[in-house]
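Analysis of the macromolecular model
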Amino acid sequence: MAQETKVKTAKDHTKIGAVIILVISAIVFIPFGGYEVINALFSSRNAPVFGSYNGKKITYEMGSPFRNVTENLAETYKSYGINIDSASSYYLFTEAFSETVKNLAYLDRVAKTGYTVPDEAVNRRMINYFTDESGSYSPKLYNQADKTTRKNLRESIVNSLTYNRFRDDLLGSSTLSVKDSPLYGIKTSTQEERFFTEMGKEKHSFKYVAFNTEDFPEEEAVKWAKLDNNTDKFVKYNLSAISLENEADAKALYKQLTANEITFEDALSEKSTGYYTDDDGKLARPYRYQLAISIPEASDLEKVTGLPSGAMSEVIATARGFTIFRKDGADTAANLSDSETVSVITTYIKTNEHGYIEDYYSSIAKDFTAQASLSSFEEAAENFNVTVSETEAFPLNYGSSSLYGTVPAANTELANLNTNDAVLQKIFSLKKGESSVPVVLSSNVLVFNCTGITQDTAATTDGLADKIKNVNYSCAEETLMTSSKVVNNVWTAYFENFTEYGKDSD
């Protein structure tokens, strides 16, 4: 098991392993104790392969870069109070995989240039880990550290400096700068800074009402069911079904059934996979619209629904496997006065007829807008029994770029506004005091009213360079992770080794 390495003095004030992880990022591959956290979840006898980069496997095994990163990140999670369990571990592995790929790619690229880290640079970093209480380098502490600790520390520093050499040269240094400008990598011009600042300067504020489509009333569902013979979808069939995976087996069983060599009930209990039935062999989803999903061919559906009571169908190709149906009794027509049937219809509409519900609420929203124009937004809201919500002023920012402000998090109904260009265009085109047409956003139909358009006179370029640098880092990582050199099997490895379902299949 990986252990935290300590350099002990009389006061035991220096902890090499802890200092390493605090000073050098998680890409420095020195394990220091996180294995105990992950080991509680790990059950595979073989080291799982989480993917590869440029043909090099990324495995969770003793001493591997991926395992060391995972353990270091686990300790970081713990320091922030995050419980490492089977759920959060997936995100931990995903992050560790990304860090490992970046490290392998960056180190590989630097190696091709022939660059090597100067010993002087490594030594300058080394002395920071062996200082006394006054902050001065202590040869005594250095000599007290065992050779393995010093060797691992030196290797980690070499890796870190090599990694940073690539990142700094390509994307700009976060520490080396001249007059607040990065010494290496991508530079940010004053014109670029001004451009980004101007983009986020104009801000709009709104008030709005939201009609939640999840509140679609059952009486409206009944009205829909009466349209165009929609009630036919909710005829309930009294059927039993025997399903088999293989068509040949299903046909052989059908012959036995028709020859009375086996009863339907015995075949249900002994042969059926139960894909479509409950424990008693009865059709679990008995409504016509549900049966239509199970039986793809319309002609086959008619064969099954048209069976006389007591009759058995031929072998029917179903969405999964092959099935023999038996009609056990009369069909039940949709009863629009029955609460269970109405509930089924309402659920169906919410799942399959979003457009109908959106049209229903859009019509109501249009009436709201008309009344608001005659009285006020607030009066109309009171009459329509909806709440008026308001936003802080925010800029037009599709995709929520971190370079400037975005939709206020407090307005939960607007959670997906930042990626809906059609709605953004409509509401940011409003003049002050003007109301929008009804717009659909996630599960709501909304009406907006622009309450103000302001210019942020306090907007400055302070911190913008760092924001641009972080965007560059993120873009570089995303580009790398979509490279054809990267094979990402994190989900498969996690599922097979760290979930009860994967473990059960061993």
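Look above for the structure.
Figured I'd write up the structure that's included with this text.

Conventions used here
- Residues numbered from 1 in each chain as written.
- Predicted model: local features only at pLDDT ≥ 70, side-chain atom pairs only at ≥ 80, totals over all residues.
- Heavy atoms only, no water.
- Helix = DSSP H or I, 4+ residues; strand = E, 2+ residues; numbered from the N terminus.
- Buried < 20%, exposed > 50% of the residue type's maximum accessible area, 1.4 Å probe, protein only.
- Contact = heavy atoms within 4.5 Å.
- Pairing = 2+ DSSP bridges.
- Axes fitted to C-alpha atoms, helices over the stretch in contact; angles between N-to-C directions.
- Parallel < 35°, antiparallel > 145°, perpendicular 65-115°, else oblique.
- Nonpolar A, V, L, I, M, F, W, Y, C, P; charged D, E, K, R; others polar.
- Phe/Tyr/Trp six-rings, centres within 6.5 Å; stacked < 30°, edge-to-face > 60°.
- Lys NZ or Arg CZ within 6 Å of the ring centre and 35° of its normal.

1. Some points on the environment of Val-117
- Along the chain, Val-117 falls in the loop between helix H4 (88–113) and helix H5 (119–126).
- A relative accessible area of 12% means that Val-117 is categorised as buried.
- In sequence terms Val-117 and Ile-157 are 40 residues apart; their C-alpha atoms lie 9.4 Å from each other.
- Once residues within four sequence positions are removed from consideration, Val-117 is found in contact with Val-122, Val-158, Leu-161 and Thr-162.

2. Some details on the pairing of strand S11 (residues 444–455)
- Pairing geometry for strand S5 (residues 202–212) and S11, over 11 bridges, is antiparallel. Bridging across to S11, Tyr-208 finds its partner in Phe-448.
- One ladder, built from three bridges, connects strand S10 (residues 439–441) with S11; its direction is antiparallel. Following the sheet pairing, Val-439 is matched in S11 by Leu-446.
- Connecting the antiparallel pair S10 and S11 is a turn made up of two residues, with Ser-442 showing a positive phi of about 55°.

3. Some words on the packing of helix H8 (residues 190–199) against helix H18 (residues 464–481)
- Relative orientation of the contacting elements H8 and H18 amounts to 90°, with a least axis distance of 11 Å. Taken together, the axes of H8 and H18 lie roughly perpendicular to each other. Of the residues in H18, those in contact with Glu-192, Glu-193, Phe-196 and Thr-197 of H8 are Leu-464, Ala-465 and Ile-468.
- Each residue belonging to the contact of H8 with H18 can be placed in one class, and the counts come to four nonpolar, one polar and two charged.

4. Side note on the pairing of strand S7 (residues 312–317)
- Bridge count for S7 against strand S8 (residues 322–327) is four bridges, and the pairing is antiparallel. For Ala-317, the partnering residue across the bridge sits in S8 and is Phe-322.
- Counting the residues that bridge the hairpin from S7 to S8 gives four residues, and of these Gly-321 lies at a positive phi of roughly 75°.

5. Structural notes on the packing of aromatic side chains
- With the rule as written, the count across this model stands at 31 aromatic pairs.
- Look at Tyr-106 and Tyr-163: their rings are 4.9 Å apart centre to centre, the planes differ by 35°, and that puts the pair in the tilted class. In this pair, Tyr-106 sits in helix H4 while Tyr-163 sits in helix H7 (residues 147–171), placing the two residues 57 residues apart along the sequence. In terms of burial, Tyr-106 and Tyr-163 fall into one category: buried.
- The interplanar angle of 85° and the centroid separation of 6.4 Å between the aromatic rings of Tyr-275 and Tyr-276 together place this pair among those described as edge-to-face.
- Exposure remark for Tyr-275: the relative accessible area of 23% places this residue in the partly exposed category.
- Residue Tyr-276 is classed as buried on the basis of its relative accessible area of 14%.
- Aromatic ring contacts, followed pair by pair, group Tyr-90, Tyr-91, Trp-491, Tyr-494 and Phe-495 into a single cluster.
- The ring of Tyr-142 has Arg-150 sitting right over it, with the charged end atom 4.6 Å from the ring centre.

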